[in-house]
Amino acid sequence: MHLEKEGSCDKMNSKDSAKVIVSEGKDEKTGKILAALGLAVAFGAILNPTQAKAEDTDRIAQGVYIGNIDVGGMTEQEALNAVTDYVNNAGEAVFTLTAGEHSTQVKASDLALEFTDMNVVSEAMDVGKSGNLIKKYKDKKDLENGSVVIDMVLNVDHDTVSELLAEKADELDQKAVDNGLVRENGTFKIIKGSQGVEVNVEKSIAAIENYVSNDWDGQGGNIELTAEIVEPKGSEEELSKVKDLLGGFNTNYSSSTQNRCDNIATAAGKINGTVLYPGEEFSVYETIGPLDAANGYELAGAYENGQTVQSYGGGVCQVSTTLYNAVILAELEVTERSNHSMIVTYVKPSMDAAIAGDYKDLKFVNNQDVPIYIEGYTSGKNVYFNIYGEETRPANRKVTYESEVVSEQDPGTQFVATGDPVGTMSVSQGKHVGYVAQLWKVVTVDGVEESREVFNKSTYKASPKIVNVERHRKIRMHQRQSVRRWRPVMKERSMPQLPSLLQRQQPHRNSRQRTSPQRNRQLSETDRWTSAEITVEMVSNLL
């Protein structure tokens, strides 16, 4: 029986015989095969969900991190929420941006921090669950020995960072001080400038992107920007060429109030000494503004909506106008110029240049090959501007400008009834004739006109003379004629209309109420009278 059983065993299973042999170590090659098979069996025992403890496929394995975020044991949605919360909270971190000796602080959110690779959550879900047996085994061992960290890459928006660096330029850059000039006692002296430091925007954006993506731990940090040395403009050779008067002009303001005189002197002083290098543009408003008390200006008369009002900086338009005429005589390139809304008296029509907030400015460009120097000052109730540079125009060539009035409009006089005391009649605003004008540029060579061209065109609004009269005044005329009363703000009339209007008889006082409707029907709208009674003699004195 025993032998028979032995024989039947050998016949029954040759694989069992092989296992026995391998297990006895009789064949080296077969032993290696057995080891591999044993390892596979071990993997299967560890990882096969049908064996040992079944895995929870809906949750991330314990010990898995996305960047600094522990997502072990979370569902996919919980991990997504955790990543989103992390990015939002990280936006509150403060970075110190440093450029040389200058620095500024910004929040991470100011850089438009963003995280778009949500695949990291799927990768976290797959740890120990996907891939071949080898990968699963490796993931399992990594988790047993520590943790598995999946890189989380944050980015910033390139354009947003570029705009931010531009906004912070004043804090980060150290502007170079260009070599300059000062004119004393009729001669020029060169003033040495100094180097500056300027942020290289593109290289600094790359530095910020690299730090946030690779080195940032989610907390505050310091980012070193790329800065470059900026040399001052103007060599001694260049500046030494500035010696010739290219154009000069002056205007008088002897009839101005003291406040207006002060404003003119203040604005001229802010422009004086400017050195404008080739290709640079000069803005009068940016140089003299803002026009407020803090910047040294006082209240004085200025034009606004067709009327003269009190405004800080009243009078600076005479400064820009005087400079404008010096500039065009020097034949610099004017890039922006506006005429006044109403005519001014210190220059001829179309020779003015108004300044009004940020919508009317005088701008010009140095179109010369060398720097120019702008001298501005006041003396004896006159304001002067001189443009110095290197004269390259022929000595026999002369430039002049001629003003031409194309048309004009007389606005007449406007009477306004007021609550002033009895006996009061006053002029609140002088008359401003309306004009359409143009300025001709005339070039002569050896006294012979070579060219004539329209240089600019201007339109000035008409504004009436405004006379204030008290509301309840009654005056007997020489012929005991009374005059119908003006309405509070009478429509504009031309001068020839006034005598005929003033000579019209009004009904007897007792019949005024009774005949008023009939009278109104007979008179046109512009002929109606309302408030104060005045005499022809008084009106003629005011016109």
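Please read all numbers here as calculations on a predicted model, not as lab measurements.

Visitor: Which residues make up helix H5 (residues 119-126), and what values do they have?
Guide: When H5 is considered as a whole, its buried residues turn out to be Val-120, Val-121, Ala-124 and Met-125. End-on, the buried residues of H5 take up no more than an arc of 145°, which puts them together on one face. In the core, the buried residues of H5 are packed alongside strand S1 (64-66), helix H4 (76-90) and strand S5 (148-150). Gly-128, located one to two residues past H5, shows a positive phi value of around 80°.

Visitor: Outline the sheet that holds strand S22 (residues 425-429), supporting the account with residue identities and numerical values.
Guide: Taken together, the three strands give an open sheet; going across it, the order is S21-S25-S22, and neighbouring strands pair in mixed fashion. Each edge of the open sheet carries a strand with a single partner, namely strand S21 (413-418) and S22. Averaged over all neighbouring strand pairs, the angle between strand axes comes to 30°, with direction disregarded. Pairing of S22 with strand S25 (residues 465-470), which is carried by four bridges, proceeds in the antiparallel orientation. The partner of Gln-429 across the bridge, within S25, is Ile-466.

Visitor: Please set out the side chain of Ser-463 residue by residue, giving values where relevant.
Guide: Mapped onto the elements, Ser-463 comes out in the loop between strand S24 (448-460) and S25. At a separation of 2.6 Å, a polar atom in the side chain of Ser-463 contacts the side chain of Gln-429.

Visitor: So what about the pairing of strand S9 (residues 221-224)? Which residues, and what values?
Guide: On S9, burial follows the alternation: Gly-221 and Ile-223 on one face are buried, whereas Asn-222 and Glu-224 on the facing-out side are not. Of the strand pairs in this sheet, strand S3 (residues 94-99) and S9 are connected by four bridges, and their pairing is parallel. Each bridged residue has a counterpart across the sheet, and for Leu-97 the counterpart in S9 is Ile-223.

Visitor: Break down the packing of aromatic side chains for me, with residues and values.
Guide: Counted under the stated rule, the structure contains seven aromatic pairs. Centroid distance Phe-95 to Tyr-211: 5.8 Å. Interplanar angle 90°. Geometry classified as edge-to-face. Of this pair, Phe-95 sits in strand S3 while Tyr-211 sits in helix H9 (residues 201-215); the two residues are 116 residues apart in sequence, bridging distant segments of the chain. Both residues of the pair, Phe-95 and Tyr-211, count as buried.

Visitor: So, the confidence of the model for the protein chain: which residues are in play, and what are the values?
Guide: Confidence in the prediction for the protein chain averages 79 pLDDT; 76% of positions are at 70 or higher. Confidence drops under pLDDT 50 across residues 1-55; counting only partners more than four residues distant or on other chains, this segment forms 21 contacts. Contacts for the low-pLDDT stretch residues 473-543, under 50 throughout, to residues beyond four places or in other chains number 118 contacts.

Visitor: Let's hear about the pairing of strand S6 (residues 180-184): which residues, and what values?
Guide: Where S6 lies against strand S7 (residues 187-191), five bridges are found, and the strand directions are antiparallel. Paired with Gly-180 across the two strands is Ile-191, which belongs to S7. Hairpin remark: S6 followed by S7, antiparallel, with two residues in the connecting loop; positive phi at Asn-185, about 55°.

Visitor: Would you mind going over the sheet that holds S1 in detail, with residue names and values included?
Guide: Taking strand neighbours across the sheet as the criterion, the three strands line up as S2-S1-S5 in an open arrangement whose pairing is mixed. Two strands lie at the open edges of the sheet, namely strand S2 (69-70) and S5, each paired on one side alone. Here S1 pairs with S2 via two bridges, running antiparallel. When the sheet's bridge partners are listed, Ile-66 is paired in S2 with Ile-69.

Visitor: Now, about the packing of helix H7 (residues 158-167) against H9: what can you tell me, with residues and values included?
Guide: In the contact formed by H7 and H9, the axes pass within 10 Å of each other and the chain directions differ by 125°. In terms of orientation, H7 lies oblique with respect to H9. Classified by chirality, the crossing of H9 by H7 is right-handed. Note on element contacts: H9 touches H7 through Val-201, Glu-202, Ser-204, Ile-205, Ile-208 and Glu-209, opposite His-158, Val-161, Ser-162 and Leu-165. Along the lines of polarity and charge, the residues of the contact of H7 with H9 split into five nonpolar, three polar and two charged.

Visitor: If you had to explain H7 to someone new, which residues and values would you point to?
Guide: Listed in full, the buried residues belonging to H7 are Val-161, Leu-164 and Leu-165. Down the axis, H7 shows its buried residues gathered within 100° of arc, on one side only. More than 90 degrees from the buried face of H7, the exposed residues found are Asp-159, Glu-163, Ala-166 and Glu-167.

Visitor: Please give an account of unusual backbone geometry that cites residues and values.
Guide: Cis geometry is found at the peptide bond from Gly-289 to Pro-290, where omega equals 0°. Counting through the fold element by element, Pro-290 comes out in the loop between helix H12 (284-288) and strand S14 (299-304). Phi at Glu-331 is positive, roughly 60°, even though this residue is not glycine. Tracing the backbone shows Glu-331 in the loop between helix H13 (316-330) and strand S16 (333-336). The class for Glu-331 is buried, based on a relative accessible area of 17%.

Visitor: Give me the lowdown on a negative patch on the surface, citing residues and values where you can.
Guide: On the surface, Glu-76, Asp-117, Glu-123, Asp-126 and Asp-151 cluster together into a negatively charged patch. Mapping Glu-123 onto the fold places it in helix H5. The partly exposed category is assigned to Glu-123, whose relative accessible area is 40%.

Visitor: Please set out the nonpolar core residue by residue, giving values where relevant.
Guide: By size, the foremost hydrophobic cluster in this structure holds 43 residues, and its most contacted members are Val-64, Phe-95, Ile-208, Val-212 and Trp-216. Among the secondary structure elements, those contributing two or more residues to this core are S1, H4, S3, H5, S5, H7 and H9. Broken down by element, the residue count for this core peaks at five residues, all from H4. Among residues more than four places away in sequence, those in contact with Ile-208 are Leu-97, Leu-111, Val-156, Val-161, Ile-223 and Leu-225. If you look at the next biggest cluster of nonpolar residues, it comprises 40 residues, including Ala-326, Ala-354, Phe-364 and Ile-372.

Visitor: Outline the side chain of Lys-360, listing residues and values.
Guide: Tracing the chain through its elements places Lys-360 in the loop between S16 and strand S17 (363-365). Despite its burial, Lys-360 pairs with no opposite charge, the nearest such side chain being Asp-352 at 7.7 Å. From its side chain, Lys-360 meets the backbone oxygen of Asn-339 in a polar contact 3.2 Å long. Here Lys-360 is in contact with Glu-336, Ser-338, Asn-339, His-340, Ser-341, Ala-354 and Ile-355, once residues within four sequence places are set aside.

Visitor: Go over the pattern of salt bridges, please, and point to the residues and values.
Guide: Per the counting criterion, the structure on display carries 14 salt bridges. The residue Arg-59 makes a salt bridge to Glu-78 at a minimum N-O spacing of 3.4 Å. Placement of Arg-59 in the loop between helix H3 (28-47) and S1 and of Glu-78 in helix H4 is noted, with a sequence separation of 19 residues between them. By relative accessible area, which is 33% here, Arg-59 ends up partly exposed. Between Glu-402 and Arg-452 there is a salt bridge; the shortest N-O distance is 2.9 Å. Remark: Arg-452 occurs in strand S24 and Glu-402 occurs in strand S20 (residues 397-409); sequence separation between them is 50 residues. Judged by relative accessible area, Glu-402 falls into the partly exposed class, the value being 36%. In the salt-bridge network here, residues are joined through shared partners; they are Glu-331, Glu-391, Arg-393, Arg-397 and Lys-441.

So, how was this worked out
- Residues numbered from 1 in each chain as written.
- Predicted model: local features only at pLDDT ≥ 70, side-chain atom pairs only at ≥ 80, totals over all residues.
- Heavy atoms only, no water.
- Buried < 20%, exposed > 50% of the residue type's maximum accessible area, 1.4 Å probe, protein only.
- Helix = DSSP H or I, 4+ residues; strand = E, 2+ residues; numbered from the N terminus.
- Arc of directions from axis to C-beta.
- Contact = heavy atoms within 4.5 Å.
- Pairing = 2+ DSSP bridges.
- Axes fitted to C-alpha atoms, helices over the stretch in contact; angles between N-to-C directions.
- Polar contact = N/O pair within 3.5 Å; in protein donor to acceptor, adjacent residues only side chain to side chain.
- Phe/Tyr/Trp six-rings, centres within 6.5 Å; stacked < 30°, edge-to-face > 60°.
- pLDDT = per-residue confidence, 0-100.
- Parallel < 35°, antiparallel > 145°, perpendicular 65-115°, else oblique.
- Left-handed = near helix turned anticlockwise from the far one by under 90°.
- Nonpolar A, V, L, I, M, F, W, Y, C, P; charged D, E, K, R; others polar.
- Patch = residues over 30% accessible without salt bridge, like charges linked within 9 Å, V, L, I, M, F, W, Y side chains within 5 Å.
- Areas by Shrake-Rupley, 256 points an atom, 1.4 Å probe, with all protein chains shown as cover.
- Salt bridge = Lys/Arg side-chain N within 4 Å of Asp/Glu carboxyl O.
- Lys, Arg positive; Asp, Glu negative; His and termini not counted.
- Charge placed at Lys NZ, Arg CZ, Asp CG, Glu CD.
- Core = buried A, V, L, I, M, F, W, Y, C linked by side-chain atoms within 4.5 Å.

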